[in-house]
Amino acid sequence: MDVTEIDHVNLHVPADGVETAVEFYRDRLGLAIENEEKYESGDKPFVSVRLAPGAVMHVQPDEDFEAPDDANFDHVALRVDADIESLKAELADAGVAVDRELEPLGATGVAPAVYVTDPFGYTLELKAERS
């Protein structure tokens, strides 16, 4: 098997959580939302958050949603085209609290990163690609 890249991640949210997800991912983090019309018409069971040209995150409502905990989920790591200070300023301007800040030895090397939590308890590692 020759995997070339990640295609998508699928996160479940509460049954009434799609609007909250759109507000967080689009309005606070500035990511594009796709398939809203198809979701609203019932043609798709989720909306998609465009993470990068070749990667999306599906946000799917679930009647049986249970918030993630340390036993069943840790984080999704995203590379961000920014330096760490600009990234922190952008998050502060959007009203997004930084949970912690590290220079993790990640899958692609050491780089400063901040961790934030979405409204449903999912942790995002935002790894600054510029120094």
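Heads up: the structure comes first, above all this text.
The rules we used
- Residues numbered from 1 in each chain as written.
- Predicted model: local features only at pLDDT ≥ 70, side-chain atom pairs only at ≥ 80, totals over all residues.
- Heavy atoms only, no water.
- Core = buried A, V, L, I, M, F, W, Y, C linked by side-chain atoms within 4.5 Å.
- Buried < 20%, exposed > 50% of the residue type's maximum accessible area, 1.4 Å probe, protein only.
- Helix = DSSP H or I, 4+ residues; strand = E, 2+ residues; numbered from the N terminus.
- Pairing = 2+ DSSP bridges.
- Patch = residues over 30% accessible without salt bridge, like charges linked within 9 Å, V, L, I, M, F, W, Y side chains within 5 Å.
- Areas by Shrake-Rupley, 256 points an atom, 1.4 Å probe, with all protein chains shown as cover.
- Salt bridge = Lys/Arg side-chain N within 4 Å of Asp/Glu carboxyl O.
- Lys, Arg positive; Asp, Glu negative; His and termini not counted.
- Charge placed at Lys NZ, Arg CZ, Asp CG, Glu CD.
- Phe/Tyr/Trp six-rings, centres within 6.5 Å; stacked < 30°, edge-to-face > 60°.
- Lys NZ or Arg CZ within 6 Å of the ring centre and 35° of its normal.
- Contact = heavy atoms within 4.5 Å.

I keep staring at the nonpolar core and nothing clicks. Help me out?
Across soluble globular proteins, nonpolar side chains have a tendency to be buried as a group. Ranked by size, the top nonpolar core spans 31 residues in total, and within it Tyr25, Leu29, Leu91, Leu124 and Leu126 carry the most contacts. A total of five residues in this core trace back to one element, the largest contributor, which is helix α1 (residues 18-28).

Quick question: what am I supposed to make of the pairing of strand β4 (residues 55-62) here?
Put simply, side chains in a regular strand alternate between the two faces of the sheet. Here β4 lies mainly inside the structure; seven of its eight residues are buried. One ladder, built from seven bridges, connects strand β1 (residues 8-14) with β4; its direction is parallel. Within the sheet, the bridge partner assigned to His12 lies in β4 and is Gln60. Relative to β4, strand β3 (residues 47-52) runs antiparallel, the two sharing five bridges. Counted as the bridge partner of Arg50 is Val56 from β4.

I keep staring at a negative patch on the surface and nothing clicks. Help me out?
Side chains of Asp16, Glu63, Asp64, Glu66, Asp69, Asp70 and Asp74 sit close together on the surface and give a patch of like negative charge. Structurally, Asp16 is set in the loop between β1 and α1. The class of Asp16 is exposed, set by a relative accessible area of 67%.

What is the right way to read the packing of aromatic side chains from this model?
Under the defined criterion, the tally for this structure stands at three aromatic pairs. Centroid distance Phe24 to Tyr25: 5.0 Å. Interplanar angle 90°. Geometry classified as edge-to-face. On the accessibility criterion, Phe24 (5% relative accessible area) is buried. Both rings, one in Phe73 and one in Tyr122, keep their centres 5.1 Å apart while their planes meet at 80°; by these two values the pair is edge-to-face. Residue Phe73 is located in the loop between β4 and β5 (76-80), and its partner Tyr122 is located in the loop between β9 (113-117) and β10 (123-128); the two are separated by 49 residues in the primary sequence. Looking at Arg100, its charged tip hangs above the ring of Tyr115, at a distance of 3.9 Å from the centre.

What is the right way to read the pairing of β3 from this model?
By the bridge criterion, three bridges tie strand β2 (residues 32-34) to β3 in an arrangement that is antiparallel. Paired with Ile33 across the strands is Val49, a residue of β3. The antiparallel pairing of β3 with β4 creates a hairpin that spans two residues between the two strands.

What is the right way to look at the environment of Val49 in this model?
Secondary-structure assignment places Val49 in strand β3. Each C-alpha atom of the pair Val49 and Val9 lies 9.7 Å from the other, and the pair is 40 residues apart in sequence. In this structure Val49 touches Tyr25, Leu31, Ala32, Ile33, Ala55, Val56, Met57 and Val59, once residues within four positions along its chain are discounted.

Geometric values such as these leave the question of function open.
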